[in-house]
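Summary of structural features
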Amino acid sequence: MSKKLPEFGTINVPHERAVPFGAVTPAPVHVQELFMTSNWRIVRPVIDNEKCTRCLTCYIACPDSCWSYNEEEDVMEWNAGFCKGCQICIKQCPSDALTAVPELDFPDGVVRLEKPF
Amino acid sequence: MAKIHEITVWTRGVIMDKEGRDIASAFGDAVAMEGKHVQVFDNYEDLPDRVLVTTRKYVRISDEEIEHKYVYTNDHPDVVVVAEPTIVKGINVLKGLKEGGLLIINTNRPIDYMLQFIPNADELGAIATVDADGISGVRTIDFSGSEGGVDAVGVGAGIAAPIVGAMARVTGMAKKENLAKIVKDVAGMERGYNEVKLQKFRKFKSSLGSLQG
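We now turn to the structure provided with this report.

Rules and cut-offs
- Along each chain, numbering runs from 1 in the same order as the chain's sequence is written.
- Working convention: letters from A go to chains and numbers from 1 go to ligands, in the order in which they are written.
- Totals for whole chains, interfaces and linings use all residues, but because this is a predicted model, local features are given only for residues with pLDDT of at least 70 and pairs of side-chain atoms are given and counted only at 80 or more.
- Side-chain measures here rest on the full set of heavy atoms in the structure, leaving out hydrogens and waters.
- Any pair of residues with heavy atoms lying within 4.5 Å of one another is described as a contacting pair.
- Using a 1.4 Å probe, buried area is obtained as the accessible area two parts lose upon being combined, added over both of them.
- Salt bridges are defined by distance alone: a side-chain nitrogen of Lys or Arg within 4 Å of a carboxyl oxygen of Asp or Glu.
- Nitrogen and oxygen atoms within 3.5 Å of one another constitute a polar contact, given that in protein one can donate a hydrogen and the other can accept it, and given that sequence-neighbouring residues count only through two side-chain atoms.
- Note that Gly is not counted as nonpolar here; it falls among the polar residues with everything else outside the nonpolar set of Ala, Val, Leu, Ile, Met, Phe, Trp, Tyr, Cys and Pro and the charged set of Asp, Glu, Lys and Arg.
- A run of H or I in DSSP becomes a helix once it reaches four residues, and a run of E becomes a strand once it reaches two; helices and strands are each numbered from the N terminus.
- Exposure classes here rest on a 1.4 Å probe applied to the protein chains alone. A residue is buried below 20% of its type maximum, exposed above 50%, and partly exposed in between.
- As a rule, the C-alpha atoms of each element are fitted with a line to give its axis, helices using only the stretch in contact, and angles between N-to-C directions run from 0 to 180 degrees.
- Should an angle fall under 35 degrees it is called roughly parallel, over 145 degrees roughly antiparallel, and 65 to 115 degrees roughly perpendicular, with every other angle called oblique.
- Take the far helix as your reference; a near helix turned counterclockwise from it by less than a right angle gives a left-handed crossing, and one turned clockwise gives a right-handed crossing.

1. Some thoughts on the interface of chain A and chain B
- Chain A puts 23 residues into the contact, and the matching count from chain B is 30 residues.
- When the two sides are added together, the surface that chain A and chain B hide from each other amounts to roughly 2,100 Å², 56% of it contributed by carbon and sulfur.
- When the buried surface of chain A facing chain B is broken down by residue, Trp40, Leu104 and Arg112 of chain A rank first, second and third, together holding 38% of it.
- As a salt-bridge pair, Glu103 of chain A and Lys89 of chain B come within 2.9 Å of each other at their nearest N and O atoms.
- Counting every contact that joins chain A to chain B gives 14 residue pairs in polar contact (both at pLDDT 80 or more).
- Broken down by class, the residue content of the side of chain A that touches chain B amounts to 12 nonpolar, two polar and nine charged.

Structure below.
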């Protein structure tokens, strides 16, 4: 990452980063450290790698790009820091590989914040 | 200035926003019926219109008139109420808590299990849990956009009723009889009053009046 991203709260998009309405932009390639939304989650999606067919529907469906495909190990990877627990991936999964498990069943995985934002 | 007791209610936006508002307003109303001075604020500093986001409601109680009107947030709460248990994992809900403060969580899990998610639990004076989802199981949602001004569902029809019952029992600030006149689900409120579990710690001071368990 050569250039630092603008901090959360700024609305002045630099001219070279502005795109017209409806433009297709590349998928996110790096993770910002601000606006961690993991504490919005009541349940988390847990993947069953036996049932998963790597169809990448969860990757497309996730509004926050929390699912990514690890080509070396041939598994889907889940980003715990930004998943809001919206369960869209669970509803969209055609092979029922994802299940909603209460977040309190796990000891970690949520970024603990001092304030809501 | 007289001592002000501050209560902060943590809830989640949209899906439990009305429940959090009911907890704050019903408890504030019940305390006001005893002739005390009460301020209740809703949704300040947060984003309540986003689903699942953590939001706060604020209650202030004092024997004398509360003079500061233009600060809406409770910087040093005596009591923190968590209407959805996952919030304790993602937010430091004890921030600014007064020494020996009280935490009330709506959960059916044991108190010792919940304490593992609270690394700064040594600041607590006492912790209480009530299984409001098990007692009531109803999460009323208000999409009218009236922000509580016109509310056909009524106050305290869902999980707010057992939680305010538990708050009345462990803080001793409000009377159960007064709450019964306000909340819609009186049976749920009484079950919350009777079924709340309390665990006191070493720092516990009965600064909240008649704290009982």
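2. Considerations on the environment of Ala161 of chain B
All names here are of chain B.
- Mapping Ala161 onto the fold places it in helix α5 (residues 160-171).
- When the C-alpha positions of Ala161 and Lys184 are compared, they lie 7.7 Å apart, and in sequence the two are 23 residues distant.
- When residues no more than four places from it in sequence are discounted, the contact partners of Ala161 are Gly156, Asp185, Gly188 and Met189.

3. What about the pattern of salt bridges?
- Enumeration according to the criterion identifies 16 salt bridges over all chains in this entry.
- With its nearest N and O atoms 3.7 Å apart, the salt bridge here joins Asp74 of chain A to Arg54 of chain A. Residue Asp74 of chain A is found in the loop between β2 (67-70) and β3 (75-78), and its partner Arg54 of chain A is found in the loop between β1 (43-47) and α1 (57-61); the two are separated by 20 residues along the sequence.
- Assessed through its relative accessible area of 22%, Arg54 of chain A is described here as partly exposed.
- Through salt bridges with shared partners, one network takes in Arg41, Arg44 and Glu103 of chain A together with Lys89 of chain B.

4. Here we look at the packing of α5 of chain B against helix α7 (residues 186-195) of chain B
All names here are of chain B.
- Packing of α5 against α7 leaves a shortest axis separation of 7 Å and a crossing angle of 40°. Here α5 lies oblique to α7, going by the angle between them. In this structure, the crossing between α5 and α7 has a hand that is right-handed. Of the residues in α7, those touching α5 at Ala161, Pro162, Val164, Gly165, Ala166, Ala168 and Arg169 are Gly188, Met189, Gly192, Tyr193 and Asn194.
- Grouping the amino acids of the contact of α5 with α7 by side-chain chemistry returns seven nonpolar, four polar and one charged.

Read these as geometric descriptors, not functional statements.
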